[in-house]
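The residues making up each chain are set out below.
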Amino acid sequence: IHDSFKNIAQETHSDFGQQGLKLCLLHSDMDKEDGSVKYVLTGDGAGTVFEIDENSGDIHATRRLDREEKALYTLSAKAVNKTSGQDLEKASEFIIKIHDINDNEPKFAKDTYMAGVSEMSNVGAFVIRVTATDADDEAYGNSAKLVYSILQGQPYFSVEPETGVIRTALPNMIRENREHYQVVIQAKDMAGQMGGLSGTTTVNITLLDVNNSPPRFPHSTYHLSTPESAGIGSPVGRIKAYDADVGENAEMWYSILDGDGQDMFNIITDSTSQEGVITVKKQLDYESKRLYSLRVQVTNTHIDRRFEQLGPFSDTAIVRITITDVDEPPVFSRALYIFEVDEDTPAGSSVGTVSARDPDTINHLVKYTIDRHTDLERLFNIDSNNGTISTLQGLDRETSKWHNISVLATELSKVPVFIKVRDVNDNAPEFAMYYETFVCENVKAGQSLFLLQFHLVPLEAHITHLTLQSATALHYNTARILTRRGSFNRREMSSYLLPVVISDNDYPIQSSTSTLTVRVCACDSRGNVQTCSTEALLLSAGLSTGALVAILLCILILLSNPLTIYSALSKKHFIYHLYALM
Ligand SMILES: *[C@@H]1O[C@H](CO)[C@@H](O)[C@H](O)[C@H]1NC(C)=O
Ligand SMILES: *[C@@H]1O[C@H](CO)[C@@H](O)[C@H](O)[C@H]1NC(C)=O
């Protein structure tokens, strides 16, 4: 095999994928081209990646060659006698080197990067460096020469083409205006030229807070109030300033600058809620001062000197505190009183006067009494109105030198008491009118005669229940009167007087009575009245009206309930009953 075939640098494009691509030809000087020589290939990829035509010595690639997979193959070839299998010469070694083509795009180490940069940074401030790699051969051509560019994120950010360093590109980017940016960076090989391959990555950039916003009170004045009895240290109220920054840049503390309430109140900072809590510093007294004011300041805890020129990182507000009155017990003019009295002083003499006053604004009268437990012998009396203590008995110094008594002062307060007289059921149901009706002599039993109306108080009523056997639904405050039997005879009884009692079930039960006059009349077959005249009848019978009435009354008493009234009415919770008294 010619030396010239040894160490041959055979280049093939790795995307030449066709099987059987002819790469080179081996030829031995021993080959007389008579078909007796056979070429044999051994080494890297022999028989798999590379094949040799044993007759011609042609070497083929059997599949796609990828430099990035394997760039060099070391092979050896020899010529042997086809028949005897004897080597015709020593094996020759040679190398197949895979030549690179740009078949790999740049790849970033991460699909997404996270980065942060302080708001208000100068233009060109470093944000993050992103790097991509290219699997192609760096030593050969520009296949692996990368150039970075920004696809999204301008004009806020820029990228250095050679290094992939991202920098800020705008001055005065304020987090409070916009906090998050998404930047897309491209890396392109072939030094960024046309036809190069590219890869992209996303960089999520957050502007980091700096203390560029001062705390501000949303109101210039706050109104709080506290009872005068509030204990020292007890909270009066809270005020809160706002700061557009976050974290420690929004931390603040409160202080009192001045004001007439400076000695009476403190302000402390609640670090959790960032509120100023105003507390009582000294005992308050409504009677001596009812309104205080404080000038309160709020200041950032961590001030960034770089931004001080933006203005003061503090704010002030006025807090007005109203003191409210609390009813307090009377107060004596002195803590204790010492009076002296001669032992021979007669009973009824004045010993001295104590005095107490109600400290409240509404100055109630004070009444004085002696605590009887301290004066069991009843030696002293006190004028309940003016506090003058006098003796009730003569005193004997030899029996007792001291009489130590207690005086109680009580404040007389007034409170209005309103007593309302509640309504009870004192209105009786009333009948709506005078009742008179008639009944036909030829009436049938169960026929409706009359609708009785009455007023109940109140009128709001509905049926909940029906008593007796009636199935007739009745309207509010009405009762139906039915005949219990048929066939009335006006000669026997020209009219019935039907007493009606209406009562409610309220408490106490109220009732009223009326009388329904039912006259018996002669009617035609359709129920039209023809005559009800009893006078004619009576006169024809030759009896006086008076006598007849007496008779009728007797009959009336003997009759057993010829008429029945059905009713069961209800007004809210109460049931009204109607009774027919016969
Ligand atoms: C208190 O009242 C009594 C009788 O009402 C009177 O005798 C006495 O002088 C009064 N004392 C004073 C200090 O006004
Ligand atoms: C009463 O008070 C006086 C003066 O404080 C004291 O000297 C005396 O011991 C007291 N007497 C009694 C019985 O408490």
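Sequence order as written defines residue numbering, which begins from 1 separately in each chain. Chain labels run from A onward and ligand labels from 1 onward, assigned in the order the entries are written. Two thresholds apply to this predicted model, a pLDDT of at least 70 for residue-level local features and 80 or more for giving and counting side-chain atom pairs, whereas whole-chain, interface and lining totals are computed over all residues. In computing side-chain values, all of the structure's heavy atoms are included and hydrogens and water are not.

Going by what an unreviewed UniProt entry lists, the protein is known as Cadherin 10 and is assigned to Cyprinus carpio. UniProt positions are given in the numbering used here, feature names are shortened, and annotations may be inferred rather than shown by experiment. According to the UniProt record, the Subcellular location (unreviewed entry) comment for the protein reads "Cell membrane".

S.K.: An account of the pattern of salt bridges is requested, with residue identities and associated values reported.
M.R.: Salt bridges are identified by distance alone: a Lys or Arg side-chain nitrogen within 4 Å of an Asp or Glu carboxyl oxygen. In this structure the tally under the stated criterion is 18 salt bridges. The shortest N-O distance in the salt bridge between Arg 67 and Glu 68 comes to 2.9 Å. Measuring nitrogen to oxygen at the nearest pair gives 2.4 Å for the salt bridge that ties Glu 308 to Arg 305. When a residue's accessible area, from a 1.4 Å probe over protein chains only, is under 20% of the maximum for its type it is buried; when over 50% it is exposed; and in between it is partly exposed. Here Glu 308 falls in the partly exposed class, since its relative accessible area comes to 37%.

S.K.: Go over the pairing of strand E21 (residues 291-300) with me, naming the residues and quoting the values.
M.R.: Helix and strand labels come from DSSP, where a helix needs a run of H or I of at least four residues and a strand needs a run of E of at least two; each type is numbered from the N terminus. Taken across its ten residues, E21 has seven buried, putting it largely inside the fold. Relative to strand E22 (residues 314-324), E21 is paired through nine bridges, and the arrangement is antiparallel. Considered in E22, the bridge of Leu 291 is made with Thr 322. Here, any two strands with at least 2 DSSP bridges between them count as paired.

S.K.: So, the state of the cysteines: which residues are in play, and what are the values?
M.R.: Cysteine sulfur atoms are paired as a disulfide whenever they fall within 2.5 Å. The tally for this structure, following the rule as stated, stands at one disulfide. Put simply, Cys 440 and Cys 523 are joined by a disulfide, and their sulfur atoms are 2.0 Å apart. Between Cys 440 and Cys 523, the S-S dihedral sits near -85 degrees, and the bridge is therefore left-handed. Taken together, the residues span a long stretch of sequence, with Cys 440 in strand E31 (residues 435-440) and Cys 523 in strand E35 (residues 511-523) at a distance of 83 residues. Cys 440 gets classed as buried once you look at its relative accessible area, which sits at 10%. Classification of Cys 523 as buried rests on a relative accessible area of 12%.

S.K.: Give a detailed account of the packing of aromatic side chains, specifying residues and quantitative values.
M.R.: Stacked, edge-to-face and tilted are the three classes for Phe, Tyr and Trp ring pairs, Trp counted by its six-membered ring, which pair at centre distances within 6.5 Å; planes under 30 degrees apart are stacked, over 60 edge-to-face, the rest tilted. Using the criterion set out here, one finds ten aromatic pairs in the structure. Ring centres 6.0 Å apart and planes at 50 degrees place the aromatic pair Phe 108 and Tyr 148 in the tilted group. Taken together, the positions of Phe 108 in strand E7 (residues 107-108) and Tyr 148 in strand E11 (residues 147-152) put the pair 40 residues apart, joining distant regions of the chain. Like Phe 108, the residue Tyr 148 is buried in the burial classification. Taken together, a centroid distance of 4.8 Å and an interplanar angle of 55 degrees make the contact between Tyr 156 and Tyr 181 tilted. Here Tyr 181 lies in strand E14 (residues 180-188) and Tyr 156 lies in the loop between E11 and strand E12 (157-159), a separation of 25 residues in the sequence. Linked through ring pairs, Phe 332, Tyr 337, Phe 339 and Tyr 368 together constitute an aromatic cluster. Only when the NZ of Lys or the CZ of Arg is both within 6 Å of the ring centre and within 35 degrees of the ring normal is a charge said to sit over the ring. When the ring centre of Tyr 156 is taken as origin, the NZ or CZ atom of Arg 178, which lies over that ring, is 5.4 Å away.

S.K.: Account for a negative patch on the surface, with residues named and values stated.
M.R.: Distance thresholds for patches are 9 Å for like charges and 5 Å for nonpolar side chains (Val, Leu, Ile, Met, Phe, Trp, Tyr), applied to residues having over 30% relative accessible area and no salt bridge. For accessible areas, the Shrake-Rupley method is used with a probe of radius 1.4 Å. Any residue's cover is judged against the shown protein chains and nothing else. In summary, the charge assignment counts Lys and Arg as positive and Asp and Glu as negative, without counting His or the chain termini. All charge positions are set by atom: Lys at NZ, Arg at CZ, Asp at CG, Glu at CD. A surface patch of like charges, here negative, comprises Glu 340, Asp 342, Glu 343, Asp 344 and Asp 396. Checked against the element boundaries, Glu 340 lands in the loop between strand E23 (331-332) and strand E24 (350-353). On the basis of relative accessible area, Glu 340 is assigned to the exposed category, the value being 74%.

S.K.: I'd like to hear about unusual backbone geometry, residue by residue, with values.
M.R.: The step from Gln 154 to Pro 155 runs through a cis peptide bond, and the omega angle for that step is 5 degrees. A positive phi angle is found at Met 190, which is not glycine, with a value near 55 degrees. Inspection of the secondary structure assignment puts Met 190 in the loop between E14 and strand E15 (198-208). A positive phi is found at Ala 191, a non-glycine position, where the angle reads about 55 degrees. For Ala 191, the location among the structural elements is in the loop between E14 and E15. The exposure class of Ala 191 is partly exposed, given its relative accessible area of 22%.

S.K.: An account of a nonpolar patch on the surface is needed here, citing residue identities and associated values.
M.R.: Nonpolar side chains collect at one region of the surface, where Leu 336, Ile 338 and Trp 402 lie side by side and expose about 370 Å² of accessible area between them. With respect to the helices, strands and loops of the structure, Leu 336 is situated in the loop between E23 and E24. Classification of Leu 336 by relative accessible area gives exposed; the value is 57%.

S.K.: An account of the layout of surface pockets is requested, with residue identities and associated values reported.
M.R.: Any space left empty among the atoms is revealed by the rolling of a water-sized probe across them. In this analysis the probe radius is 1.4 Å and the grid spacing 1 Å, with only protein atoms considered; a cavity is a set of points the probe fits into but cannot get out of, a pocket is an open set with protein on both sides within 12 Å along at least five of seven lines, and lining residues have an atom within 4 Å of a point. Grid points are joined across faces, edges and corners, and a volume is the space filled by probe spheres set on the points. For the largest pocket, the calculated volume is near 780 Å³. For the largest pocket, the lining is made up of 26 residues, of which Ile 338, Phe 339, Trp 402, His 403 and Asn 404 are closest to its centre. Residues that form the lining of the largest pocket fall into these classes: 15 nonpolar, four polar and seven charged. All residues other than Ala, Val, Leu, Ile, Met, Phe, Trp, Tyr, Cys, Pro, Asp, Glu, Lys and Arg, Gly among them, are scored as polar; the first ten of these are nonpolar and the last four charged.

S.K.: Can you break down the nonpolar core residue by residue, with the values?
M.R.: In a soluble, globular protein the nonpolar side chains are often hidden away together inside. The biggest cluster of nonpolar side chains holds 25 residues, and the ones touching the most others in it are Phe 217, Tyr 254, Phe 265, Ile 278, Val 296, Val 319 and Ile 321. Those elements giving two or more residues to this core turn out to be strand E16 (221-227), strand E17 (235-240), strand E18 (252-258), strand E19 (265-270), strand E20 (275-280), E21 and E22. Working rule for contacts: check all heavy atoms of both residues, and any pair within 4.5 Å makes them a contact. In this view, Phe 217 contacts Tyr 222, Ile 239, Lys 240, Ala 241, Tyr 254, Val 296, Gln 297, Val 298, Asp 315, Thr 316 and Ala 317; residues no more than four positions away in its chain are not counted. Put simply, a nonpolar core is a bunch of buried Ala, Val, Leu, Ile, Met, Phe, Trp, Tyr and Cys residues held in one set by side-chain atoms that sit within 4.5 Å of each other. In terms of nonpolar packing, the next biggest core, distinct from the first, is built from 22 residues, Ala 132, Leu 146, Val 183 and Leu 207 among them.

S.K.: Give me the pairing of E16: which residues, what numbers.
M.R.: Residues Tyr 222, Leu 224 and Thr 226 line the buried face of E16, whereas the alternating positions Thr 221, His 223, Ser 225 and Pro 227 sit on a face that is not buried. Two strands pair when backbone bridges link them, and E16 and E22 are joined in this way by seven bridges, in the parallel orientation. Residue Thr 221 lies in a different strand from E22, and its bridge partner there is Ile 318.

S.K.: Would you mind going over the site of ligand 1 in detail, with residue names and values included?
M.R.: Residues in close proximity to ligand 1 include Thr 353, Asp 383, Asn 386 and Thr 388, which together make up its full environment. Pairing of N or O atoms within 3.5 Å defines a polar contact, subject to two protein rules: one partner must be a possible hydrogen donor and the other a possible acceptor, and residues neighboring in sequence count only if both atoms are side-chain atoms. Asp 383 is positioned such that a nitrogen or oxygen atom in its side chain is 3.3 Å from an oxygen atom of ligand 1. The side chain of Thr 388 places a nitrogen or oxygen atom 3.0 Å from a nitrogen atom of ligand 1. Here ligand 1 loses 30% of its free accessible area of 360 Å² to cover by the protein chains. Within the shell around ligand 1, the residues separate by chemical class into no nonpolar, three polar and one charged. Any residue with a heavy atom positioned within 4 Å of a molecule or strand is treated as near that molecule or strand.

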